[in-house]
Amino acid sequence: MLTWQTINTHVMITTAQLHLDKVTLTKKSRLADQDVNKVPFGKVFTDHIFVAEYEDGKWIKSYIEPYGNAPMSYAVSALHYGQTIFEGMKAFRTVKDETVLFRPQENFHRLNKSAIRMAMPEVPEEIFMGGLVELLKIDKDWIPTDEFGSLYIRPFIIATDEAIGVRPAETYKFVIIMAPAGKYYSEPLKVLIESSYFRSVEGGVGFVKNGGNYGRSLYPTILAQKKGYQQVIWTDSKTHQYVEESGTMNLMFVIGNKVITPGLEDTILAGITRDTVLKLARLWGYDVEERKVSIKEVIEAHENGTLKEAFGTGTAATIAHIQTIGYKDHDYQLPPIEERKFSPKVDDTLRAIRKGKIEDTFGWMEKVC
Ligand SMILES: Cc1ncc(COP(=O)(O)O)c(C=O)c1O
């Protein structure tokens, strides 16, 4: 039986039971060849993966096997028509040597939200959670131990019909792969407000995590990088007057004593880190505003000295400080990180909660038993 529970209360919030059809362990672990505290992000994967297969309207089997290449045809529909969705989440090793997950229920629900929008089958909780827990139990030694380390977890669903023709596939695979990760950005970011291209559109798919959203973002990002910026700030597709997200992160500003972030519309991904940061902001007495944020407002706040902080939030980086915002051939410099009060405190607090160094009053961490 697979169980997982909150650390503080030890209340069993679900008992995910999964019958694995097969577990094949690797003959030789690659762990000894790695320093998991030093590997580059997203390039080294743990020894095992979890797979569940969908066919004839149901999830038919699930198994764990050594990480390796996928046995599939070049005709599979995911490659041609983009029926592919994913999640990004993290496991941590606490100071007490426990394996913990950060808000995994949120990723489970968001994956299924993406599945519905992309006409793909939802994954039952026992497969998502049960598969994840089993995989973590086997590969837990891959979780970095250092302060900034975590195990990045990538659950995804792909359409696997071997057929050309645009229609929802009839067969799918739900897969979980995992990669040790360290600090994501070492320097504060220089970002460019994008005024020609857009990431998402009303009535589109910006609020879900399908592969196409990311593919389309690359070209404008390369153009920004050629101008010396690391990332873009996406704006609304109709007027390009309102900021939406930055790269693959939600976007926040501290203006005066307010934490301000674009409200959740169907063009914006409902980030789990975003929600976490806003909960901490409210706890610490900040005024929080979730609403449309215009470029004009941000620039005016910069000019009158009230723009204290700008940063992106996301699972990979947690907090990515923004140092410079470029807009129409002008670079706006923000206060140095050392002068910022809110986002560094969020970063430190979340790291301490995840490592089990301070109490998790929100019940965000789930212990993998
Ligand atoms: C487009 C986009 N926005 C925001 C986020 C941040 O979401 P989260 O905090 O859940 O990682 C992500 C990452 O998943 C993303 O891809």
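The structure under discussion appears in the preceding block.
Numbers given for residues are sequential positions, taken from 1 along each chain in its written order. Local features in a predicted model are, by the rule used here, given only for residues with pLDDT of at least 70; side-chain atom pairs are given and counted only at 80 or more, and totals for whole chains, interfaces and linings are based on all residues. Side-chain measures here rest on the full set of heavy atoms in the structure, leaving out hydrogens and waters.

Draft legend 1. Structural detail: the packing of aromatic side chains. Ring pairs shown here join Phe, Tyr and Trp side chains whose ring centres sit within 6.5 Å, with only the six-membered ring taken for Trp; geometry is labelled stacked below 30 degrees between planes, edge-to-face above 60, and tilted in between. Under the defined criterion, the tally for this structure stands at 15 aromatic pairs. Each ring, one from Phe102 and one from Trp364, has its centre 6.0 Å from the other, and the planes form 65°; the classification is edge-to-face. With a gap of 262 residues between them, Phe102 in strand 8 (residues 99-102) and Trp364 in the loop between helix 8 (342-354) and strand 21 (365-368) connect regions that are remote in the sequence. There is no split in this pair, since Phe102 and Trp364 are both buried. What links up through ring pairs into an aromatic cluster is the set Phe50, Phe108, Phe128 and Phe174. To sit over a ring, a charge needs its Lys NZ or Arg CZ within 6 Å of the ring centre and within 35 degrees of the ring normal. A cation over an aromatic ring shows up here: Lys292 above the ring of Tyr242, its NZ or CZ 5.3 Å from the ring centre. Put simply, DSSP marks the helices as runs of H or I at least four residues long and the strands as runs of E at least two long, and each gets a number from the N terminus on. With a 1.4 Å probe rolled over the protein chains alone, any residue whose accessible area is under 20% of its type maximum counts as buried; one over 50% counts as exposed, and the rest are partly exposed.

Draft legend 2. Fine view of the pattern of salt bridges. Salt bridges, as used here, are contacts in which a Lys or Arg side-chain nitrogen is within 4 Å of a carboxyl oxygen on Asp or Glu. Per the stated rule, a full pass over the model turns up 24 salt bridges. Of the charged contacts in the structure, one is a salt bridge between Arg110 and Glu87, with a shortest N-O distance of 2.8 Å. Of this pair, Arg110 sits in helix 2 (residues 104-117) while Glu87 sits in the loop between strand 6 (84-86) and strand 7 (89-93), placing them 23 residues apart in sequence. Accessibility classification places Arg110 together with Glu87 in one group, the buried group.

Draft legend 3. Region of interest: helix 3 (residues 125-139). Each residue after the first adds 1.5 Å to the expected span of a helix. Its 15 residues place the ends of helix 3 21 Å apart at the C-alpha level, agreeing with the 21 Å of an ideal helix rising 1.5 Å per residue. Within helix 3 the residues assigned to the buried category are Ile127, Phe128, Met129, Gly130, Gly131, Leu132, Val133, Glu134, Leu135, Leu136 and Asp139.

Draft legend 4. Quick peek at the environment of Leu280. Position of Leu280 relative to the elements: it lies in helix 6 (residues 272-283). Under the relative-accessibility criterion, Leu280 is labelled buried at 2%. The sequence separation of Leu280 and Val346 amounts to 66 residues, and the corresponding C-alpha distance is 7.3 Å. Not counting the four nearest positions on each side in its chain, Leu280 is found in contact with Val346, Thr349, Leu350, Phe362 and Trp364. Contact criterion: two residues are considered in contact whenever any of their non-hydrogen atoms come within 4.5 Å of each other.

Draft legend 5. Just the nonpolar core, in detail. Among buried residues, the Ala, Val, Leu, Ile, Met, Phe, Trp, Tyr and Cys ones that are joined through side-chain atoms within 4.5 Å form a nonpolar core. If you look at the biggest cluster of nonpolar residues, it comprises 53 residues, and the most contacted ones within it are Phe50, Phe128, Leu136, Ile153, Ile157 and Phe174. Not counting chain neighbours up to four residues away, the residues in contact with Leu136 comprise Ala91, Thr99, Leu101, Leu151, Ile153, Met178 and Val368. Formed by 24 residues, the second largest nonpolar core is a distinct cluster that contains Leu251, Val298, Ala317 and Leu334.

Draft legend 6. Structural detail: the environment of Tyr54. Mapped onto the secondary structure, Tyr54 falls in strand 4 (residues 48-55). Judged by its relative accessible area of 16%, Tyr54 is buried. Taking the C-alpha atoms as reference, Tyr54 lies 9.2 Å from Thr160; in sequence the two are 106 residues apart. Each residue touching Tyr54, except ones within four places of it in the same chain, is listed here: Trp59, Pro121, Glu170, Thr171 and Tyr172. Under the rule applied, a polar contact is a pair of N or O atoms within 3.5 Å (in protein, one hydrogen donor and one hydrogen acceptor; residues adjacent in sequence only if both atoms are side-chain atoms). Here Gly57 takes part through its backbone oxygen, which lies 3.4 Å from a polar atom of the side chain of Tyr54.

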